[in-house]
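These are the residues of each chain, in order.
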Amino acid sequence: MTPRDVADVTVTSACLFRGRERRIVTIVIPIRTENPLNGSHRHWAVRARVRREQRQTVGLVMAGALRADGFSLPPETPPQSRQDALGTRFGGGGLPRVIRVEIARLAPSSGLDDDNLRAALKSVRDGIADAMGTDDRDPRIEWAYTQRRSERGNWAVEIRIETAAGWSYDGQ
C-alpha cells in the first residue's frame, strides 16, 4: 500500500434520525483483503507482514478520520441498576452498544462465506479498534460484516461507523 492509495479515503457524516442525533462516518480504503484460511499459498511470514500492514494502514486512516470528525468512545460505566446489569432495558447483553461498525469487503470475486469473510477482515477490525483506542471485544461496539462485488481489479474495504441515537459524540 502506497501513500497515494491512502489518499482515496472519503469521509461523510450525517446527523438526524427520528428527531435524535446520530452520527455516521463512512470511510473507503483501497486495500485488498484475502481469505487467510484456505487457498492462500504464501509463506507464513509474508501473510503475517501483509496482515500487519493492513492493520497499521486501517488504524492510521481511521484515527485521522475519526479525530477530524470529533469521535471519541464514551467511557465504560458500570450498570446503574439491576435492569442495566441484565441488559433488559436495552434488549439484552449487559451494557448498551453505543457504536455499530459495519465492515464491507468490496472485491471482484463471487464472495466468501461468513467465517472466511470474518477471517479476511480480522486485521481491518483490529485496526479500527486500535484507532478507537480499545480492544475489538469491547461490549460497547457491535460488529457487522458484509460484502459486495466490485469491478474487475478494484479491491477496497468500506467502513461505516454509526453511533446510537441519543448518544452525543463527545461521550456525554
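Residues numbered from 1 in each chain as written. Predicted model: local features only at pLDDT ≥ 70, side-chain atom pairs only at ≥ 80, totals over all residues. Heavy atoms only, no water.

**Focus on the overall build of the chain**
Alright, step 1. When its secondary structure is counted, the chain shows 5 helices and 5 strands.
Alright, step 2. From first element to last, N terminus to C terminus, the chain shows the α and β order α-β-β-α-α-β-α-α-β-β.
Alright, step 3. The buried share among the 172 residues of the chain stands at 38%.
Alright, step 4. Here the analysis covers contacts within the chain between residues at least 6 apart in sequence; of these, 75% occur between residues at least 24 apart. (Helix = DSSP H or I, 4+ residues; strand = E, 2+ residues; numbered from the N terminus. Buried < 20%, exposed > 50% of the residue type's maximum accessible area, 1.4 Å probe, protein only. Contact = heavy atoms within 4.5 Å.)

**Quick word on the environment of A120**
Alright, step 1. Within the secondary structure, A120 is located in helix α4 (residues 114-120).
Alright, step 2. Distance from A120 to L37, taken between C-alpha atoms, is 8.3 Å for residues 83 residues apart in sequence.
Alright, step 3. Discounting residues that sit within four places of it in the chain, A120 has contacts with T33, E34, N35, P36, R51 and L112.

**A short note on the side chain of N116**
Alright, step 1. Checked against the element boundaries, N116 lands in helix α4.
Alright, step 2. With sequence-adjacent residues up to four places away left out, N116 is seen in contact with N35, L37 and N38.

**What about the pattern of salt bridges?**
Alright, step 1. By the definition in use, this model includes 15 salt bridges.
Alright, step 2. The residue R125 makes a salt bridge to D136 at a minimum N-O spacing of 3.4 Å. Note that R125 is positioned in helix α5 (residues 122-132) and D136 in the loop between α5 and β4 (141-149), a separation of 11 residues in sequence.
Alright, step 3. What makes D136 buried here is its relative accessible area of 13%.
Alright, step 4. Overlapping salt bridges bring together R55, K122, R125, D126, D130 and D136 as one network. (Salt bridge = Lys/Arg side-chain N within 4 Å of Asp/Glu carboxyl O.)

**Here's the deal with helix α2 (residues 44-69)**
Alright, step 1. With 26 residues, α2 ought to run about 38 Å at 1.5 Å a step, and its terminal C-alpha atoms sit 37 Å apart, in line with that.
Alright, step 2. Turning to α2, its buried residues number three or more, namely Q54, T57, V58, G59, V61, M62, A63, A65, L66 and D69.
Alright, step 3. Positioned one or two residues after α2, G70 has a phi angle of 80°, which is positive. (Expected span 1.5 Å × (residues − 1).)

**Points about α5**
Alright, step 1. Summarising burial for α5: 8 of the 11 residues are buried, a large majority.
Alright, step 2. Within the span of α5, buried status applies to S123, V124, R125, D126, G127, I128, A129 and M132.
Alright, step 3. As for α5, its buried residues are in contact with α2, β3 (99-107), α4, β4 and β5 (156-163).
Alright, step 4. G133 lies just past α5 and shows a positive phi near 75°.

**Focus: the nonpolar core**
Nonpolar side chains in soluble globular proteins tend to end up buried together.
Alright, step 1. Membership of the largest hydrophobic core comes to 25 residues, with the highest contact counts inside it found for V101, I103, V124, I128, M132, I159 and I161.
Alright, step 2. The set of elements that each furnish at least two residues to this core consists of β2 (20-29), α2, β3, α5, β4 and β5.
Alright, step 3. Ranked by residue count, the leading element in this core is α2, at 5 residues.
Alright, step 4. With residues near it in sequence (within four places) discarded, V124 still touches I31, T33, V58, I103, V157 and I159. (Core = buried A, V, L, I, M, F, W, Y, C linked by side-chain atoms within 4.5 Å.)

**Looking at the confidence of the model for the chain**
Alright, step 1. For the chain, mean pLDDT is 76; residues scoring 70 or higher make up 65% of the total.
Alright, step 2. The least confident element of the chain is helix α3 (residues 82-86), whose mean pLDDT is 46; the most confident is α5, at 94. (pLDDT = per-residue confidence, 0-100.)

**Examining the side chain of R105**
Alright, step 1. Counting through the fold element by element, R105 comes out in strand β3.
Alright, step 2. One buried charged residue, R105, remains without a salt bridge, the closest side chain of opposite sign being E34 at 7.4 Å.
Alright, step 3. Among the polar contacts listed, one links the side chain of R105 to the side chain of T33, at a separation of 3.0 Å.
Alright, step 4. Each residue touching R105, except ones within four places of it in the same chain, is listed here: T33, L112, L117, L121, T146, Q147, R148, W155 and A156. (Lys, Arg positive; Asp, Glu negative; His and termini not counted. Polar contact = N/O pair within 3.5 Å; in protein donor to acceptor, adjacent residues only side chain to side chain.)

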